[in-house]
Amino acid sequence: MPKGSLISDIGSMQLESPLILASGILDENGYTMRRMLEEGAAAVVTKSIGSTERAGFTPPVVVDLGDNLLNAIGLSNPGIEHFKEEISIAKGIGKPVIGSIFGATAEEFAYLASRMQSYGADAVELNLSCPHVKGFGSEVGSDPSLVEDIVSEVKAKINVPVLAKLTPNVTDIVSIAKAAEKADALVLINTVKAMHIDIYARMPTLSNAYGGLSGPAIKPIGVRAVYDVYRETEMDIIGCGGISRFEDVLEYMMAGARAVEIGTALKTYGRAIFDNIKRDTIRFLESEGIENIEEIIGAAVKK
Ligand SMILES: Cc1cc2nc3c(=O)[nH]c(=O)nc-3n(C[C@H](O)[C@H](O)[C@H](O)COP(=O)(O)O)c2cc1C
């Protein structure tokens, strides 16, 4: 292994670095996903796809809070039937493409997962965590027995790794993580339920009133979730939430993450973010005399 190696693996998926594009950002289209892979992402996660086409909520669906974002897009997506082509295009350069799916029942998740696998997805990410759509997401992801059923049904249907993406909008994320223990890895965290008020209209700015906060403001919440789950379980963890610099990646990894997903920072730093973070991380590893990035996973955690 060369000094400063960034090679990481999640289940059977080998990643050239721990840096993955998060779901929902520049990933509803095969060409934009491919572009992110060409620009240095080790893998991409698709926009969350459901059984049928959804238009999502009416605007406004995003509030720009500087480096942070508040969104309630409403799981808009073209539906699984129309997504095959996008996966094949994204897979064109040979790096892993992770299919994100959402549903209301274990059967629906299992159906969507087998479709994603048949399209060639290298792993399937279960969105158990969208904070703003009734009947999906957080409501599903805060019920431990439903989480357990969904993960078991999906695992029984597909062979590629299953990633369970959890919500921070629960009292005890460790108990939800344990309910998802059959998954090959956990993704921690999705957005944090939040609100913005339009003071002139005297009402919430988003048409849905509630939205999900992302960006640097939520990083300490994500790092804490990773730390707690790493300490209490043996599961592989992918960290997510507020990552924009190499220091953020190292914080998540020292809290126990094997890899990370990056979303909102693309808005501020653009596509060069993957290569910039890789370069800075290699410099850090070399200056600290670390041969392989895996050595730092969980380094800050007392088990
Ligand atoms: C505009 C937008 C759309 C998103 N759509 C999805 C989605 O479809 N599925 C999902 O699991 N997460 C979705 N997310 C959440 C992100 O994948 C990520 O978990 C969250 O934004 C925290 O990471 P970040 O701070 O790096 O953005 C979305 C986030 C944003 C900002």
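Every value quoted in this text rests on a predicted model; they were computed, and no experiment measured them.

A. Quick peek at the overall build of the protein. For the protein, the count of helices and strands is 10 helices and 16 strands. For the protein, the C-alpha radius of gyration of 18 Å lies close to 19 Å, the compact-globule estimate for 303 residues. Long-range pairs, those at least 24 residues apart, make up 71% of the contacts in the protein with a sequence separation of at least 6. Per element, the accessible surface of the protein, about 12400 Å² overall, is 50% carbon and sulfur. Averaging the coordinates of the 29 positive side-chain charges in the protein and doing the same for the 40 negative ones gives two points 2 Å apart.

B. Expanded view of the site of the ligand. If you check the shell around the ligand, you find 22 residues, and the closest are Ser23, Ser48, Lys165, Gly242 and Thr264. Take Ser23: an N or O atom from its main chain is 2.7 Å from an oxygen atom of the ligand. In the environment of the ligand, an oxygen atom lies 2.8 Å from a nitrogen or oxygen atom belonging to the side chain of Lys165. With the chains in place, 95% of the 610 Å² that the ligand exposes on its own is no longer accessible. Split into classes, the residues belonging to the shell around the ligand amount to 7 nonpolar, 13 polar and 2 charged.

C. Region of the structure containing the packing of helix α8 (residues 246–254) against helix α10 (residues 273–287). Between α8 and α10, the least distance of the axes is 9 Å, while the angle of their chain directions is 60°. Handedness of the crossing formed by α8 with α10: right-handed. Facing α8, whose interface residues are Phe246, Val249, Leu250 and Met254, α10 presents Ile277, Asp280, Thr281 and Phe284. When grouped by side-chain class, the residues that make up the contact of α8 with α10 number 6 nonpolar, 1 polar and 1 charged.

D. Here's a closer look at the pattern of salt bridges. For the structure on display, the rule yields 19 salt bridges. A salt bridge links Arg258 to Asp9; its shortest N-O distance comes to 3.7 Å. Of this pair, Arg258 sits in the loop between α8 and β16 (259–262) while Asp9 is found in strand β1 (residues 8–10), placing the two residues 249 residues apart along the sequence. A residue is classified by how much of its surface remains accessible, and Arg258, at 14% relative accessible area, is buried. Asp9 sits in the partly exposed class, given a relative accessible area of 28%. One salt bridge connects Asp275 with Lys278, and the closest N-O pair in it is separated by 3.3 Å. Of this pair, Asp275 and Lys278 both sit in helix α10, 3 residues apart, which is roughly one turn of that helix. Put simply, Glu16, Lys95, Asp275 and Lys278 are held in one network by salt bridges that share partners.

E. Representation of the sheet that holds strand β6 (residues 68–71) within the structure. With antiparallel pairing, the 4 strands of this open sheet are ordered in space as β5-β6-β14-β11. Each having just a single partner strand, β5 (62–65) and β11 (192–195) make up the two edges of the open sheet. Adjacent strand axes in the sheet meet at a mean angle of 35° when their direction is disregarded. Of the strand pairs in this sheet, β11 and strand β14 (residues 210–214) are connected by 4 bridges, and their pairing is antiparallel. Bridge pairing in β14 links Val192 to Leu213.

F. Fine view of helix α5 (residues 144–157). With 14 residues, α5 extends 20 Å between its outermost C-alpha atoms, agreeing within 8% with the 20 Å of an ideal straight helix rising 1.5 Å per residue. Looking at α5, one finds that the buried residues are Val147, Ile150, Val151 and Val154. The buried residues of α5 all sit within an arc of 95° when viewed along its axis, so they share a single face.

G. Quick look at the packing of aromatic side chains. Enumeration according to the criterion identifies 1 aromatic pair in this entry. Here Lys193 stacks its cationic end above the ring of Tyr210, 4.5 Å away from the centre of that ring.

H. Structural view of the environment of Lys178. In this structure, Lys178 sits in helix α6 (residues 173–179). Using a relative accessible area of 41% as the deciding quantity, one classes Lys178 as partly exposed. Sequence spacing of Lys178 and His196 is 18 residues, and the spatial spacing of their C-alpha atoms is 33 Å. If we skip the residues at most four places from it in the chain, Lys178 touches Glu232 and Thr233.

I. Quick look at the side chain of Ser244. Among the secondary structure elements, Ser244 is positioned in the loop between β15 (236–240) and α8. With relative accessibility at 14%, the residue Ser244 sits in the buried group. Setting aside anything within four residues of it in sequence, one finds Ser244 in contact with Ala265, Tyr269, Ile273 and Ile277.

J. Structural view of the pairing of β5. Bridging between β5 and β6 involves 4 bridges; their strand directions are antiparallel. In the strand pairing of β6, Leu65 is matched with Asn68. Counting the residues in the hairpin turn of β5 and β6 gives 2 residues, including Gly66, whose phi is positive at 75°.

Calculation rules
Residues numbered from 1 in each chain as written. Predicted model: local features only at pLDDT ≥ 70, side-chain atom pairs only at ≥ 80, totals over all residues. Heavy atoms only, no water. Helix = DSSP H or I, 4+ residues; strand = E, 2+ residues; numbered from the N terminus. Rg over C-alpha atoms; globule rule 2.2 N^0.38 Å. Contact = heavy atoms within 4.5 Å. Areas by Shrake-Rupley, 256 points an atom, 1.4 Å probe, with all protein chains shown as cover. Lys, Arg positive; Asp, Glu negative; His and termini not counted. Charge placed at Lys NZ, Arg CZ, Asp CG, Glu CD. Near = heavy atom within 4 Å. Polar contact = N/O pair within 3.5 Å; in protein donor to acceptor, adjacent residues only side chain to side chain. Nonpolar A, V, L, I, M, F, W, Y, C, P; charged D, E, K, R; others polar. Axes fitted to C-alpha atoms, helices over the stretch in contact; angles between N-to-C directions. Left-handed = near helix turned anticlockwise from the far one by under 90°. Salt bridge = Lys/Arg side-chain N within 4 Å of Asp/Glu carboxyl O. Buried < 20%, exposed > 50% of the residue type's maximum accessible area, 1.4 Å probe, protein only. Pairing = 2+ DSSP bridges. Expected span 1.5 Å × (residues − 1). Arc of directions from axis to C-beta. Phe/Tyr/Trp six-rings, centres within 6.5 Å; stacked < 30°, edge-to-face > 60°. Lys NZ or Arg CZ within 6 Å of the ring centre and 35° of its normal.

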